[in-house]
Amino acid sequence: MQQNKIILKLLRPGKQKGRMYGSWIALCIGMLLLFAAALAWFDFRAILSGKSREDTMAAYLVIGKQVTNESMARTPEENLFSGKEIDELKQIKGVNEVGPLTSNSYPVAASMGGHLNFYTEMFLGAVEDKYLDVLPEDWAWQPGQPTLPIIMSSDFLNLYNYGFALSQGLPQLSQTSIKALPFEISIARGQEKYRARIVGFTDRISSVLVPRSFMEEMNRKYGHKATPDPSRLVLKVQDPSDKAFVNFLKSKNYTTNEEQLRWNRVRTIVQAIVSAVGGVALIVVGMAVLSFILFVEITVQRAAGHIRLMKQLGYAPRMLRGILNRFFLPWISSAVVVASLITFGIQCFMVQWLNTMDLQIHMADAWIIGALMLLMLLVLTLLLLRSSKNMLRRI
């Protein structure tokens, strides 16, 4: 025990205390950057994700054929998507799913009595339920059912409130109030009428949506066929900002929401920045670990004469390695633990701050900090053990 104290006393920084603390601070900063970059990557992933891990990096786009002077001379059927064109889209790299947005091929009108006295010709659309961003409980229709659930685009309600209602002296309506207003849908110039009610609002598709079963039944009875060729498609795309995908849309004269493409470009840039920060953090950690290991070697070299003497007196190298490791391991461990605690505090602050802006991240992602802390402790401990073994072998 006395010999242990002698070696530990020789290993104390002394005049090199500034270097010791400098190496510790550098290691702590490197770990902090690494933890923060990893946590930021997961947090951005959560903020930008969809409803499930499958949708994490995917986005939904509604595309149609661009209307040009040349296309105006075509027949209406040429402006629809054929089965061959749909199959071609499915083969594009990054396009996960393609779904038709079926439209009505019969006249539709909506009317509302009372003080609103509202009447308009309109169009309907229908897609498979998996392409909807909202799915109300009463979203269903069967033949013979007198009521019709409708999902309306939020943009349509905004156009009514801030354009039509103000210009016509009509009351503005909230989403809650318009859900409570029943109105009548007239099919094929009054051949069938339904009591309609708005059950939800969508930000994904600019249309008035009805259940697919209703659309097929009405198209079969009053249109050309139950499932006509669609004029618009819903695409589930892994990365809408992918250059090859964007060029394909341009080459085919397909149109979509450019704002959605710009948003996904921003998302890609943010992810690239976070990844770059992670790369810089790894470099800083590497340099900090190297600096610390060099300091360990310099410190041990100062005590080389005494260590060599103890080896000659019969002290086992394993015991000497244990003494060295017990001295340096707390310094390494404390740097990793302090960095993880600071990162955890940053996470707590970010959760509260982002929640005020309706950007949801959760403290559950804090497990990443704990996992990285354990991983770095393991890696640094193994490096220290190997370094101390090599140094004692050379003395």
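Rules used throughout
Residues numbered from 1 in each chain as written. Predicted model: local features only at pLDDT ≥ 70, side-chain atom pairs only at ≥ 80, totals over all residues. Heavy atoms only, no water. 1 Å grid on protein atoms, 1.4 Å probe; cavity = no way out; pocket = protein on both sides within 12 Å on 5 of 7 lines; lining within 4 Å. Points joined across faces, edges and corners; volume = space filled by probe spheres on them. Helix = DSSP H or I, 4+ residues; strand = E, 2+ residues; numbered from the N terminus. Nonpolar A, V, L, I, M, F, W, Y, C, P; charged D, E, K, R; others polar. Core = buried A, V, L, I, M, F, W, Y, C linked by side-chain atoms within 4.5 Å. Buried < 20%, exposed > 50% of the residue type's maximum accessible area, 1.4 Å probe, protein only. Expected span 1.5 Å × (residues − 1). Bend = angle between axes of the 7 residues up to and from the residue. Contact = heavy atoms within 4.5 Å. Pairing = 2+ DSSP bridges.

### Overview of the layout of surface pockets
So, point 1. Its boundaries defined by the atoms lining it, the second largest pocket holds a volume of some 580 Å³.
So, point 2. Going through the elements one at a time, β3 (108-112), β4 (118-122), β6 (147-153) and α4 (154-168) are the ones with two or more residues in the lining of the second largest pocket.
So, point 3. Of all the elements, α4 adds the most residues to the lining of the second largest pocket, at 5 residues.
So, point 4. Grouping the constituent residues of the lining of the second largest pocket by class yields 20 nonpolar, 2 polar and 1 charged.

### Focus on the nonpolar core
One broad trend across soluble globular proteins is that nonpolar side chains are buried collectively.
So, point 1. Leu148, Ile150, Ile185, Ile187 and Phe214 are the most contacted members of the largest nonpolar core, which has 29 residues in total.
So, point 2. Put simply, the parts of the chain that give this core at least two residues each are β3, β6, α4, β7 (183-187), β8 (192-202) and α6 (212-222).
So, point 3. It is β8 that provides the largest number of residues to this core, a total of 4 residues.

### What about α4?
Residues spaced three or four apart along an α-helix point in a common direction, a consequence of the helix completing one turn every 3.6 residues.
So, point 1. Compared with an ideal rise of 1.5 Å per residue, which puts 15 residues at 21 Å, α4 spans 20 Å between its outermost C-alpha atoms and is within 8% of the ideal.
So, point 2. Of all the bends found along α4, the most pronounced is centred on Tyr160 and spans about 40°.
So, point 3. Those residues of α4 that sit buried are Ser154, Leu157, Tyr160, Asn161 and Ala165.
So, point 4. Here the buried face of α4 lies against β6, α5 (175-179) and β8.

### Quick notes on the pairing of β7
So, point 1. For β7, the buried fraction is high: 4 of the 5 residues fall into the buried class.
So, point 2. Where β3 and β7 come together, 4 bridges link them in antiparallel fashion. Bridge assignment links Val108 to a residue of β7, and that residue is Ile187.
So, point 3. Examined bridge by bridge, β7 and β8 share 5 bridges and lie antiparallel to one another. Bridge pairing in β8 links Glu184 to Arg195.
So, point 4. Counted along the chain from β7 to the antiparallel partner β8, the turn is 4 residues long, and its residue Ala188 has a positive phi close to 55°.

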